[in-house]
Amino acid sequence: MPRTAAIVAALCLAVPEATAYAPVMMASPLRIRERLGNIFSSTPKKQDFLEAEPYYDMSDIPINTYKNKSPFVGKITSVKRIVGPKATGETCDIVIDHSGKMPYWEGQSFGVIPPGTNPKNGKPNSVRLYSIASSRYGDDMTGKTCTLCVRRATYWCPELGAEDPAKKGVCSNYLCDAAPGTEVKMTGPSGKVMLMPEDKPETDIIMVATGTGIAPYRSFWKRLFIEETPAAEAYKGLAWLFLGVANSDALLYDDELQSIKEKNPDNFRLDYALSREMENKKGGKMYIQDKVEEYADEIFDR
């Protein structure tokens, strides 16, 4: 009998700094150890302070803690371009500090309300939803930040022969242009559809995405393969990611994915569909559906 598989899909529209320590004079080895903290420890601390009891219980999942009329005001801590120069468009990794006041689970979304008004009706800009690209602990493991993966939405006008600024994406450009310290109005978290079935750790999770549709899946692979969580310890299934982008420069979080693939050959698989660099079996461009079709029998028999 085939094992249970969770099949989910998302489509996209459109060296650390060294820390210097001052010389320690007349200090005992114990004192030096205290000052340097965990640098001497070879065992990573488990991430479990944001877990339910048991960890897979969903009865208290946070939903719509903040709404449009009373949004939370977070603060952007970093904005980083994460695609190469030949990518089709610009995609940014955006980290937002929510001070631990806006907890969320993997697979949920946050709303962002960009400043300004809609020129069509004169009303304040409406909320835009973005899937969260980090686990509940955030990329800094503090439980106080979240990460969004945002592609800058632009429109090329053939008549102008250039991008038309009047038709650019309001919220995506606001986020991609933001500087550290920028305040951002947020709603949510929302959504229960994309949550992992953690009560069944043997479940296969088949993830299909194009472009920034990868965002919720990054929260999955962070939780299952990078962080020291109860979910990671229990997981026995196969997580299989299919990602479609135009070319190699447009790949997202490839370093993370290659590392996970190398360290978890029995529990993680990765397949890319690069439409401008690969051909499908018919000699045409390789799109995500073509790559999935290559493994159709294996996927649907799981």
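Each remark here, short or long, concerns the structure printed above.
All of the points below concern the structure found in this document. (Residues numbered from 1 in each chain as written. Predicted model: local features only at pLDDT ≥ 70, side-chain atom pairs only at ≥ 80, totals over all residues. Heavy atoms only, no water.)

Turning our attention to the overall build of the protein. Each helix and strand counted, the protein has seven helices and twelve strands in total. Counting all 302 residues of the protein, 44% fall into the buried class. About 17,100 Å² of surface is accessible on the protein, with carbon and sulfur atoms providing 53% of the total. (Helix = DSSP H or I, 4+ residues; strand = E, 2+ residues; numbered from the N terminus. Buried < 20%, exposed > 50% of the residue type's maximum accessible area, 1.4 Å probe, protein only. Areas by Shrake-Rupley, 256 points an atom, 1.4 Å probe, with all protein chains shown as cover.)

Before going further, it helps to examine the packing of helix 3 (residues 215-226) against helix 5 (residues 254-263). Put simply, helix 3 and helix 5 touch, their axes get as near as 11 Å, and they point 40° apart. Here helix 3 is positioned oblique relative to helix 5, judged by the angle of their axes. Where helix 3 crosses over helix 5, the handedness of that crossing is left-handed. The residues of helix 5 that touch helix 3, namely those facing Arg218, Trp221, Lys222, Phe225 and Ile226, are Glu256, Leu257 and Ile260. Among the residues making up the contact of helix 3 with helix 5, the classes are represented as five nonpolar, no polar and three charged. (Axes fitted to C-alpha atoms, helices over the stretch in contact; angles between N-to-C directions. Parallel < 35°, antiparallel > 145°, perpendicular 65-115°, else oblique. Left-handed = near helix turned anticlockwise from the far one by under 90°. Contact = heavy atoms within 4.5 Å. Nonpolar A, V, L, I, M, F, W, Y, C, P; charged D, E, K, R; others polar.)

With that settled, the discussion passes to the nonpolar core. Nonpolar side chains tend to gather and get buried jointly when the protein is soluble and globular. The biggest cluster of nonpolar side chains holds 34 residues, and the ones touching the most others in it are Ile214, Tyr217, Trp221, Phe225, Leu241, Leu257 and Phe268. Elements represented by at least two residues in this core include exactly strand 10 (204-210), helix 3, strand 11 (239-245), helix 5 and strand 12 (268-274). No other element matches the six residues that helix 3 contributes to this core. Those residues in contact with Phe225, other than ones at most four positions away along the chain, are Tyr235, Ala239, Ile260, Asn264, Asn267 and Phe268. Among the nonpolar cores identified, the runner-up in size contains 22 residues, and Ile94, Met102, Phe110 and Cys176 belong to it. (Core = buried A, V, L, I, M, F, W, Y, C linked by side-chain atoms within 4.5 Å.)

Counting buried residues in strand 6 (residues 145-151) gives six out of seven residues, a clear majority hidden from the surface. Bridge count for strand 3 (residues 91-97) against strand 6 is seven bridges, and the pairing is antiparallel. The residue of strand 6 that forms the bridge with Thr91 is Arg151. (Pairing = 2+ DSSP bridges.)

With that settled, the discussion passes to the side chain of Glu51. Note that Glu51 resides in the loop between helix 1 (29-36) and strand 2 (72-81). For Glu51, a relative accessible area of 17% translates into the label buried. Among the polar contacts listed, one links the side chain of Glu51 to the side chain of Tyr137, at a separation of 2.6 Å. Not counting residues up to four positions away in its chain, the partners in contact with Glu51 are Arg136, Tyr137, Arg223, Thr229 and Pro230. (Polar contact = N/O pair within 3.5 Å; in protein donor to acceptor, adjacent residues only side chain to side chain.)

Quick look at helix 2 (residues 170-177) now. Most of helix 2 is tucked away: six of the eight residues are buried. Turning to helix 2, its buried residues number three or more, namely Cys171, Ser172, Asn173, Tyr174, Leu175 and Cys176. Residues of helix 2 that are buried sit in contact with strand 2, strand 3, strand 4 (109-113), strand 5 (128-131), strand 6 and strand 9 (183-190).

For the rest of this paragraph, the subject is the pattern of salt bridges. Side-chain pairs of opposite charge can arise whenever the charged atoms involved come near each other. This model, assessed by the stated rule, comprises 13 salt bridges. It is possible to trace a salt-bridge network through shared partners that takes in Glu51, Glu106, Arg136, Glu198 and Arg223. (Salt bridge = Lys/Arg side-chain N within 4 Å of Asp/Glu carboxyl O.)

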